[in-house]
Amino acid sequence: MIGWMQKHKKYLIITIWISTIAFVGAGFVGWGSYSFSGTSNAVAVVGDRKISIEKLQREYAKLYNLYNQLFNGDLDNEQAKKIGIEEQALNNLISRALRLNYAYDLGLRISKEEVIDALIAMDTFQNNGQFDNEIYKRLLADNQLRPKDFEEELGESLLLEKLNAILEIPLTPLETEMMGAIYFTEDHVKIHILKQSDITFTPAQEAIKKYWEENQDIYQTERGYEIASILISPDSIGANEENLKKYYEDFKNQFLNANGQLLTFQEAKEQVLEKYKDAQAEKESLKEYIALRKGENSKAEISTLYEGDETYGVEFLDLLSQAKEQSTIKPIKTKKGYLTAKVIKIIPSKPKTYEAAKLDATEDFINFEKAKLLEEKAKSQLANFQGVDVGYLSRESRAVLKGLNEQESQDFISQLFTKTKAKDYIFLQDKIILYEILDQRLKNSDIMAKNLDFLTQNGMQVKSRLVDVAFMEHLLKIYKIVKKI
């Protein structure tokens, strides 16, 4: 039991702190397409509290909606099963029930008046600053919630807030100092840089082929798309004086000088021509899109485009990667004009033959072997390397170290403060940095005083997580949990 609690801890914490009202208006999943097992109304019993199937359905709906947003609205029940949303929903409710049991055993209660006060204070149900009962009933009905169930969950959330207030343990002065030591320690460091480019390695052909055989799934052909497309270039649009003057009159507020004053038609004529052609090209492209979608466009050109082909830009490729066969992509502005396309067929990627993959496999194999040789060199030199003294570094240092570029320097510093050894090495992309910490010091007390709020906030987060883990382990020992699904 402790295992699943710890595994899903982030969901448990979220569930406790998010108010029930946060999900009102999000919309709920239709339950005709999903059923829960179980022979009684209770799907689990936690201590003295039963978890009903209705509560599980509501919790499932909340999580389903959250995941569905991450899936851009394409989440289905099969994917939901793979993700384990039902299990997450049940675990959330079990965690909540454990805490509610403990709160009751402590003697904590929520009165009807407290629920009413919280309810009428919610902006969601207000009209002109006043609680509106009609809005309340309508929103709950829209989300398939009964007032009784909503108010019960609201009362539980208020009770958990009282419990959390009791469990919130402030930082001691010693813990605050410890957080200061973590964030504001400076390390006096010397380093030595080993470069992969200095390693010589000539691979045997048999070794390259063996490497490819072991990793051939990596070497795939690019995904392709057979498309019917129509490109409308602004340069293909004709314009006469009358058209341009009308466009200028309709959109003259777009044509201003540096001082924000309106340009005359003659002063803005070149800009008007450019914008008019662009607008007309977009309009024509929309017409072609409608015809293409209906299958009535005979002007479309059939072509095949592969990932990595930036003829029409990255944005168009991104749209293609999200499209389905026989779907039509709305006009998009590319560097060549407005493009609309229908996806006739998606050509899936497939493993390359050895001959097709040989060049890439050779390069990868050489880099792989060089990285191993470089690490062996690092290990052999670590004990006695001399290195260059780079002075004191802290977590927020922005120094560019000699022999490293800005990004490499920041990557090294970031990794340095995760290390527990005074002398070790750090991997970068094509380098290994030997380091030795010669000395440590704390920044002056003024800096710590200025960052006291930051230290307290981060310290409380760390302490709360530790307390929460220990608290859940304690609850699991004192309350029996029976799952019925």
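Residues numbered from 1 in each chain as written. Predicted model: local features only at pLDDT ≥ 70, side-chain atom pairs only at ≥ 80, totals over all residues. Heavy atoms only, no water.

Enquirer: An account of the sheet that holds strand 6 (residues 224–232) is needed here, citing residue identities and associated values.
Expert: With antiparallel pairing, 4 strands are arranged side by side in an open sheet as 7-6-9-8. The two strands at the open ends of the sheet, each matched to only one other strand, are strand 7 (301–306) and strand 8 (328–334). Mean inter-strand twist for the sheet, computed between neighbouring axes without regard to direction, equals 40°. The pairing of strand 6 with strand 9 (residues 337–347) spans 9 bridges and is classified as antiparallel. Across the sheet, the residue bridging to G224 is I347, located in strand 9. In the packing of helix 12 (residues 265–294) onto the sheet, contacts are made with strand 6, strand 8 and strand 9, and the angle to strand 9 comes to roughly 25°. Strands strand 6, strand 7, strand 8 and strand 9 of the sheet are contacted by helix 13 (residues 314–322), whose axis makes an angle of about 170° with strand 8. (Pairing = 2+ DSSP bridges. Helix = DSSP H or I, 4+ residues; strand = E, 2+ residues; numbered from the N terminus. Axes fitted to C-alpha atoms, helices over the stretch in contact; angles between N-to-C directions. Contact = heavy atoms within 4.5 Å.)

Enquirer: An account of the nonpolar core is requested, with residue identities and associated values reported.
Expert: One finds V46, I51, I85, I94 and L98 to be the most contacted residues of the largest nonpolar core, which totals 31 residues. If you list the elements that add at least two residues to this core, you get strand 1 (42–46), helix 3 (53–70), helix 5 (85–105), helix 8 (147–167) and helix 17 (452–478). Grouped together as the second largest cluster of nonpolar side chains are 17 residues, Y247, F255, L263 and A281 included. (Core = buried A, V, L, I, M, F, W, Y, C linked by side-chain atoms within 4.5 Å. Buried < 20%, exposed > 50% of the residue type's maximum accessible area, 1.4 Å probe, protein only.)

Enquirer: Residues and numbers for the sheet that holds strand 2 (residues 49–52), please.
Expert: Sheet architecture is open: 3 strands sit in the order 2-1-13, paired in antiparallel fashion. Strand pairing shows two members of the sheet lacking a second neighbour, strand 2 and strand 13 (481–483), which therefore form its edges. Neighbour-to-neighbour, the strand axes of the sheet open up by a mean angle of 20°, direction not taken into account. Where strand 1 lies against strand 2, 4 bridges are found, and the strand directions are antiparallel. Residue A42 lies in a different strand from strand 2, and its bridge partner there is S52. The sheet contacts of helix 3 involve strand 1 and strand 2, and relative to strand 2 the element is tilted by about 60°. Each of strand 1, strand 2 and strand 13 is contacted by helix 5, which is oriented at about 155° to strand 2, the strand it contacts most.

Enquirer: Give me the side chain of T334: which residues, what numbers.
Expert: Along the polypeptide, T334 turns up in strand 8. Since its relative accessible area comes to 11%, T334 is described here as buried. A distance of 2.8 Å separates the side chain of T334 from the backbone oxygen of G337, its partner in a polar contact. (Polar contact = N/O pair within 3.5 Å; in protein donor to acceptor, adjacent residues only side chain to side chain.)

Enquirer: I'd like a description of the pattern of salt bridges, backed by residues and values.
Expert: According to the stated counting rule, one finds 24 salt bridges in the structure shown. Note that E241 is salt-bridged to K269, the shortest N-O span being 2.9 Å. Taken as a pair, E241 in helix 11 (residues 241–250) and K269 in helix 12 lie far apart in primary sequence, 28 residues in all. Residue K269 is classed as partly exposed on the basis of its relative accessible area of 28%. The partner of E369 in a salt bridge is K372, and the shortest N-O contact between them spans 3.4 Å. With a gap of 3 residues between them, E369 and K372 both fall in helix 14 (residues 354–382), about one helical turn apart. When salt bridges with common partners are traced through the structure, they connect R58, E59, K62, R146, D149 and E153 into a single cluster. (Salt bridge = Lys/Arg side-chain N within 4 Å of Asp/Glu carboxyl O.)

Enquirer: Requested: an account of unusual backbone geometry, with residues and values cited.
Expert: Even without being a glycine, Q144 presents a positive backbone phi close to 55°. Here Q144 shows up in the loop between helix 7 (133–142) and helix 8. Using a relative accessible area of 51% as the deciding quantity, one classes Q144 as exposed. The residue Q326 is not glycine, and still its phi comes out positive at about 70°.

Enquirer: Requested: an account of the packing of helix 10 (residues 205–215) against helix 14, with residues and values cited.
Expert: In a pair of packed helices, the angle between the axes and the distance between the axes together describe the arrangement. At a closest axis distance of 9 Å, the pairing of helix 10 and helix 14 adopts a crossing angle of 100°. Our classification of the angle between helix 10 and helix 14 gives roughly perpendicular. When helix 10 is examined against helix 14, the residues Q205, A207, I208, K209, Y211 and W212 are found in contact with a partner set consisting of Y354, A357, K358, A361, T362, D364, F365 and F368. Among the residues making up the contact of helix 10 with helix 14, the classes are represented as 9 nonpolar, 2 polar and 3 charged. (Parallel < 35°, antiparallel > 145°, perpendicular 65-115°, else oblique. Nonpolar A, V, L, I, M, F, W, Y, C, P; charged D, E, K, R; others polar.)

Enquirer: Give a detailed account of the packing of aromatic side chains, specifying residues and quantitative values.
Expert: Considering all chains together, one arrives at 17 aromatic pairs under this definition. Centre to centre, the rings of Y102 and F471 are 5.2 Å apart; their planes meet at 75°, and the pair counts as edge-to-face. You can see Y102 sitting in helix 5 and its partner F471 sitting in helix 17, a full 369 residues away along the chain. Using a relative accessible area of 8% as the deciding quantity, one classes F471 as buried. Seen from their ring centres, Y247 and F251 are 4.6 Å apart, and the 40° between their planes marks the pair as tilted. By way of ring pairs, the aromatic residues F125, F131, Y136 and F150 are connected into one cluster. (Phe/Tyr/Trp six-rings, centres within 6.5 Å; stacked < 30°, edge-to-face > 60°.)

Enquirer: Describe in detail the pairing of strand 1, supporting the description with residues and values.
Expert: Of all the 5 residues making up strand 1, 5 are buried; the element is thus mostly covered by neighbouring parts of the structure. The hairpin formed by strand 1 and strand 2 contains 2 residues between the paired strands, and G47 there has a positive phi angle of roughly 60°. For strand 1 and strand 13, the ladder comprises 3 bridges, and the chain directions are antiparallel. The residue bridging V46 from the neighbouring strand is I481, located in strand 13.

Any functional reading would require information beyond the geometric quantities listed.
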